[in-house]
Amino acid sequence: MRRRDHNIFANATSLLICGLLAGVVVAAAAFPAVAMTGLAAKAGGETFAQLPSELKQATAPQVSRIYASDNKTLVAIMYDEFRSDVPLRDISLNMQHAIVAAEDHEFYHHNGVDLKGVARAFVNNNNGKSKQGASTLTMQYVRMSLAYSATNPREVIDATQDTPKRKINEMKYALQIEKELTKDQILERYLNVAPFGNGAYGVFAASQVYFDKKPKDLTVPEAALLASMVKAPTAFNPTTPTGYPQALNRRNYVINDMVELGYLTPAQAVDAKKAELSRTVKRVSSGCTSVAKNNWGFVCDYFYRWWLSQETFGATGYDRERRLKSGGYRIVLSMDVTAQKAARERITDHISDKNKDALLLAAVEPGTGKVRALAANRKFKLDDPAHPQNEISSDPAKADKDIRGTYPNTTNPLLSGGGDITGYQAGSVFKMFTMVAALEKGYPLGYTIKAEKRYKSGYIISPSSPAACPGTHFYCPSNAGGGEEGVYNMWSGFGKSVNTFFVPLEERVGAENVVDVAKRFGVKFRASRDADLVNDNDSAHQFGAFTLGVTASTPLDMANAYATLAGDGMYCDPTPVEQITTKDGEAIDVGKPHCTRATSPDVARAALDATRCPVGDSAQLGHCGGATAPQAHRAVGHPVFGKTGTTDHDKTAALIVGTTSIVVAGYLVNPDWPDHRDRMSHAIVNPAVWETVADYMDGKPKEQFKKPGNEKMAYGDQRSIPDVTCDALSDARARLDNAGFSPTIGGTVDSKCPVGTAAGTNPSGRTIKGGAVEIQVSNGKADQPPTVGDPGQTPPIVLVPPTGNKKPKR
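Only a predicted model underlies this, so the values are computations on that prediction, with no experimental measurement involved. Per chain, residues are indexed from 1 in the order of the written sequence. Whole-chain, interface and lining totals are the exception, using all residues; otherwise, since this is a predicted model, local features are given only for residues with pLDDT of at least 70 and side-chain atom pairs are given and counted only at 80 or more. As a rule here, side-chain values cover all heavy atoms of the structure and leave hydrogens and water aside.

Engineer: Quick question: what am I supposed to make of the overall build of the chain here?
Structural biologist: Counting its secondary structure elements, the chain contains 28 helices and 25 strands. A total of 810 residues make up the chain; the buried ones form 55% of that total. Within the chain, contacts between residues separated by at least 24 positions form 71% of all contacts whose residues are at least 6 apart in sequence. Each accessible area value is a Shrake-Rupley result obtained with a 1.4 Å probe; residue values ignore everything except the protein chains displayed when judging cover. Surface exposure of the chain reaches about 33,700 Å², of which carbon and sulfur atoms provide 49%. Comment: elements are numbered from the N terminus, with helices defined as DSSP H or I runs of at least four residues and strands as E runs of at least two. Only protein chains enter the calculation, and the probe is 1.4 Å; a residue is then buried if its accessible area is under 20% of its type maximum, exposed if over 50%, and partly exposed in between. Throughout, a residue-residue contact means that at least one pair of heavy atoms, one from each residue, lies within 4.5 Å.

Engineer: So what exactly am I meant to see when it comes to the side chain of T136 here?
Structural biologist: Of note, T136 is situated in the loop between α4 (115–125) and α5 (137–149). Separated by 2.7 Å, the side chain of T136 and the backbone oxygen of G112 make a polar contact. Here a polar contact is recorded for every N or O atom pair within 3.5 Å, except that within protein the pair must consist of a potential hydrogen donor and a potential acceptor, and residues adjacent in sequence are included only if both atoms are side-chain atoms.

Engineer: What is the right way to read the packing of helix α15 (residues 337–350) against helix α26 (residues 682–697) from this model?
Structural biologist: Think of two packed helices as two axes; the pair is described by the angle between the axes and how far apart they sit. Here the axes come from fitting lines to C-alpha atoms, over the contacting stretch only for helices, and the angles between their N-to-C directions go from 0 to 180 degrees. The interhelical angle for the contact between α15 and α26, taken along N-to-C directions, is 150°, at an axis separation of 9 Å. Taken together, the axes of α15 and α26 are roughly antiparallel relative to one another. Considering the relative orientation of α15 and α26, their crossing is right-handed. Across from A339, A342, A343, R346 and H350 in α15, the residues of α26 making contact are I684, P687, A688, E691, T692, D695 and Y696. Each angle gets one of four labels, with under 35 degrees taken as roughly parallel, over 145 as roughly antiparallel, 65 to 115 as roughly perpendicular, and the rest as oblique. Note on convention: near helix rotated counterclockwise from far helix by under a right angle means a left-handed crossing. Clockwise means right-handed.

Engineer: Got a minute to help me understand the sheet that holds strand β15 (residues 577–581) in this structure?
Structural biologist: Each strand in a sheet pairs with another by means of backbone hydrogen bonds, the pair being arranged parallel or else antiparallel. Across the sheet, which stays open at both edges, the five strands sit in the order β2-β1-β5-β15-β16 with mixed pairing between neighbours. The open sheet terminates on both sides in strands that have one partner only, identified here as β2 (74–78) and β16 (587–588). As judged from the two bridges shared by β15 and β16, these two strands associate in the antiparallel manner. Paired with T581 across the two strands is A587, which belongs to β16. Any two strands with at least two DSSP bridges between them are considered paired.

Engineer: Before we go on, may I ask you to explain the sheet that holds strand β22 (residues 742–749) in this structure?
Structural biologist: Ordered in space as β22-β25-β23, the three strands form an open sheet in which the pairing is mixed. Only two strands of the sheet have a single neighbouring strand rather than two, namely β22 and β23 (758–762). Between one strand axis and the next, the sheet turns through 30° on average, direction left out of account.

Engineer: Help me understand the state of the cysteines in this model?
Structural biologist: Two cysteines joined by a covalent bond between their sulfur atoms form a disulfide. Note that a disulfide, as used here, is simply two cysteine sulfur atoms within 2.5 Å. Applying the stated criterion across every chain yields a total of five disulfides. Residue pairing for C726: its cysteine sulfur links by disulfide to C753, the two sulfurs lying 1.9 Å apart. Disulfide C726-C753: the torsion about the S-S bond is -75°, which places it as left-handed. Residue C726 is found in the loop between β21 (718–720) and α28 (729–738), and its partner C753 is found in the loop between β22 and β23; the two are separated by 27 residues along the sequence.

Engineer: Honestly, α15 in this entry has me stumped. Any pointers?
Structural biologist: Since the α-helix packs 3.6 residues into each turn, any two residues three or four apart lie on the same face. Take the residue count of a helix, subtract one, and multiply by 1.5 Å to get its expected span. In this model α15 runs 20 Å from its N-terminal to its C-terminal C-alpha over 14 residues, within 8% of the 20 Å that 1.5 Å per residue would give. Looking at α15, one finds that the buried residues are A339, Q340, A342, A343, R344 and I347. In this structure, the buried side of α15 is in contact with α13 (297–308), β6 (358–364), β7 (371–376) and α26. Taking the backbone nitrogen of T338 as reference, a side-chain oxygen 3.0 Å away marks D336 as the first, capping residue of α15.

Engineer: Looking at this structure, how should I read the environment of I461?
Structural biologist: For I461, the position within the fold is in the loop between β11 (449–451) and β12 (486–488). Along the backbone, I461 and A545 are 84 residues apart, and their C-alpha atoms lie at a distance of 10.0 Å. In this view, I461 contacts A467, A468, H473, F474 and Y475; residues no more than four positions away in its chain are not counted.

Engineer: Whenever I open this one, the environment of E484 confuses me. Can you help?
Structural biologist: Along the chain, the position of E484 falls in the loop between β11 and β12. Along the primary structure E484 and N499 are separated by 15 residues, whereas in three dimensions their C-alpha atoms are 8.8 Å apart. When residues no more than four places from it in sequence are discounted, the contact partners of E484 are A451, N479, K496 and V498. One polar contact links E484 to K496, side chain to side chain, over a distance of 3.4 Å.

Engineer: Explain the side chain of S497 here, please?
Structural biologist: In this structure, S497 sits in the loop between α18 (490–495) and α19 (499–509). Of the polar contacts made by the side chain of S497, one reaches the side chain of K643; its length is 2.8 Å. Residue contacts for S497: discarding those within four places in its chain leaves S428, K431, T628 and K643.

Engineer: Looking at this structure, I do not really get the confidence of the model for the chain. What am I missing?
Structural biologist: Reading fine detail from the predicted coordinates is not recommended where pLDDT is low. Known as pLDDT, the predictor's per-residue confidence is scaled from 0 to 100. Summarising the model, the chain shows a mean pLDDT of 89, and 86% of its residues fall at 70 or more. In the predicted structure, residues 1–20 sits below a pLDDT of 50 and forms 49 contacts with residues beyond four places in sequence or in another chain. With pLDDT under 50 throughout, residues 786–794 is counted as low confidence; its partners more than four residues away or in other chains account for 22 contacts.

Engineer: Would you mind showing me how to read the pairing of strand β1 (residues 64–67) here?
Structural biologist: Of the two faces of β1, the one holding S64 and I66 and the one holding R65 and Y67 are both buried throughout. With antiparallel pairing between neighbouring strands as the criterion, β1 and β2 make up a hairpin whose turn holds six residues, including N71 at a positive phi of roughly 65°. Where β1 meets strand β5 (residues 330–333), three bridges bridge the pair, whose relative direction is parallel. Bridging from a neighbouring strand, R65 pairs with R330 of β5.

Engineer: Which parts of the structure should I look at to understand the packing of aromatic side chains?
Structural biologist: Geometrically, a pair of aromatic rings is defined through the distance of the ring centres and the angle of the planes. In this scheme Phe, Tyr and Trp rings, the latter by its six-membered ring, pair at centre separations within 6.5 Å, and the angle between planes marks the pair as stacked below 30 degrees, edge-to-face above 60, and tilted otherwise. The final tally for this structure, using the stated rule, is 20 aromatic pairs. Ring geometry for F298 against F380: centres 5.1 Å apart, planes inclined by 75°, an arrangement best described as edge-to-face. Of this pair, F298 sits in helix α13 while F380 sits in strand β8 (residues 379–380), and the two are 82 residues apart along the sequence. A residue is classified by how much of its surface remains accessible, and F298, at 5% relative accessible area, is buried. F380 gets classed as buried once you look at its relative accessible area, which sits at 2%. Ring centres of F313 and Y329 lie 6.3 Å apart, and the angle between their planes is 70°; on these two criteria the pair is classed as edge-to-face. Placement of the pair is F313 in the loop between α13 and α14 (317–326) and Y329 in the loop between α14 and β5, with a sequence separation of 16 residues. For the pair F313 and Y329, one class covers both residues: buried. An aromatic cluster is defined as three or more aromatic residues linked by ring pairs; in this entry it consists of F430, F433, F521, F525, F543 and F546. Here the guanidinium or amino end of R330 rests over the ring plane of Y67, the centre of that ring lying 3.9 Å away. Over the aromatic face of F494 sits the side chain of K643, whose NZ or CZ is 5.5 Å from the ring centroid. Charges are assigned to positions over rings by a cutoff of 6 Å between ring centre and Lys NZ or Arg CZ, combined with an angular limit of 35 degrees from the ring normal.

Engineer: Even after reading the chapter, I still don't get unusual backbone geometry, so can you show me in this structure?
Structural biologist: Excluding glycine, residues mostly carry a negative phi; peptide bonds, for their part, are mostly trans. In the segment running from Y407 into P408, the intervening peptide bond is cis, with an omega of 10°. Topologically, P408 is positioned in the loop between α16 (396–399) and β9 (409–410). The phi torsion at N198 lies on the positive side, around 55°, for a residue other than glycine. Relative to the assigned elements, N198 resides in the loop between β3 (195–197) and β4 (200–201). The buried category is assigned to N198, whose relative accessible area is 12%. One non-glycine residue with positive phi stands out, namely C726, at about 70°. Look at C726 and you get partly exposed, because its relative accessible area is 33%.

Laid out in structure tokens, this is it:
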């Protein structure tokens, strides 16, 4: 608390100053209209007249309140001092009367300085009696205002130090304020700035802390207690053993003074004194660890970190934090209560909070970047080192040192990144960036590539790497399970997540261009090793594994990247904010959607058409031929798009599912030990993601995705494939090569053609100029004409032609 003035004239010098001051006060009291003009100068000389009289108006720190997107659900409050200004009309008359009775009986009769009080204090304090103050409510308000408007420690000391000079300053300011403000205005400002102890500043906060009610509802005994505490909040603290009896006596003293001033009858005073005085208070906690519901903590923390990054709110992080905790802002978050609730509940359905593995779900709205949910199977709280709940870290190196892990309690930004959290490898969800880069380079969705079981690329890596072809320094990826050999286009290759389709596609478009797409779509590359690779063009050009998702990302990064597709190629900075308004109700244009074009609308729409395949939906322009999470479409019941992702040895399992309204990215990871030995299960992460999307979309109308205006994005330059049935393999290869295709020899199929001749092709009919065409080899065992795509063979490549929905002839 700030020290009250109980010793106005404590030394010999004070007698001289008192004489000087008395003349000024007499003049002010007798002639208020001219008190600070010539008469004051005659009475007090030049020294007093030269003192400043215009008080710098500085608003005392105010509580900032944070709400969910519905603008009514309170999420958290932020403050340095728990204070929120209220108008006098919303403050009980009991409180107004009590503070006058406690602090300034002459408040409505003086002009800022109580001459009688000054004289009485002077005589009393110089006769060896207990020290008295002579500060009026107006002078006390001046003192607090000077302290709050101070710009350096010296000014704070000058405003609060117990000296005659300070008292003279207060008097002159008080005389001026009384000319500028009404008594009601002064009283309102005083009640909103005064300290009441137990972390309560101003009458609103005091009403909440001591009585859990609004100031307009304060009763006489409640108001009398609060008024009694202003004099010495620590000494009169009813929650302490020594403070309780003093608080009770002081409260009753104030009630007696209210009778003396005519605010109460004696009978009312007797009843008021009978009221029991509580020994407990309800302190209101500040910050994201004190959110109304614990699972909102990750969203709150994301907002807090976002605020600290905004230069609008100050030049430094310290300045921005002070602004947040003292500015009295009303902040409406983008967090959707329904989406957040669904995400947390679905996580709980599938994994325990005490599991070392973290299931992380992030939800973003396409076209705005608004972050609708951030949830994890973690409690957002600091683990108490004195009574820890967290388990020992699963990282053996940390466990050897008895370092605890981040489960079940953590305040780390697991979903959004920052600090030590650089992200997690997410696997094949990155293939989307390769597809976008290919479309931008003119490769249509129907472009075909013969995928091998293991592909020898031209990317150079260390010969000792397990990813290198034996005895070489070339990067040689394979597919999960070692299969998926055959001809694929972007629909089928993405639908079945074929590594050996996407690495050669990346070679064709340039890995550095794929990296560039990822950057444009918002991937941050927080890990220093990743940043070094992607920010050097030569390194990026050789980054063959990039398309397989070996760099770190966060669920929020990837939810927003996929939302860029649904947003017609507009990348929007992720924002936790719907609206910010000042304490005066002025809207601030910060946190509004800020979107830039990441790719063309047609590229985004074409890529999105292929991303419908992995999650069980049907492409509008082509044929999927397979899915890695087919249940997603059935579960959501709306048009969906997305992708699964798995890293080497299943160290991460990821799924992204989106609609036109929301995109949810889920990661199952071990945040404490990325190089763990466990295998992450899609049986945990997948249903949590699609169920969250389904819950959010429940009751909303179904909305179809847009098709590209330029359908060549899908089909490219279509050419007829020569019929090579029963041709010798060398002749078949030559005919296909001369027709402008890239022929390869495939496996054997049942066919009436002679053994070892061409049974047919995959695809058949028509395909992209320059695309791969696989020649199927006859085994001579069938009586019927060959059917492309027999069991055991790669599914046929089928395109929906731009002129209709009929499939091309095989």
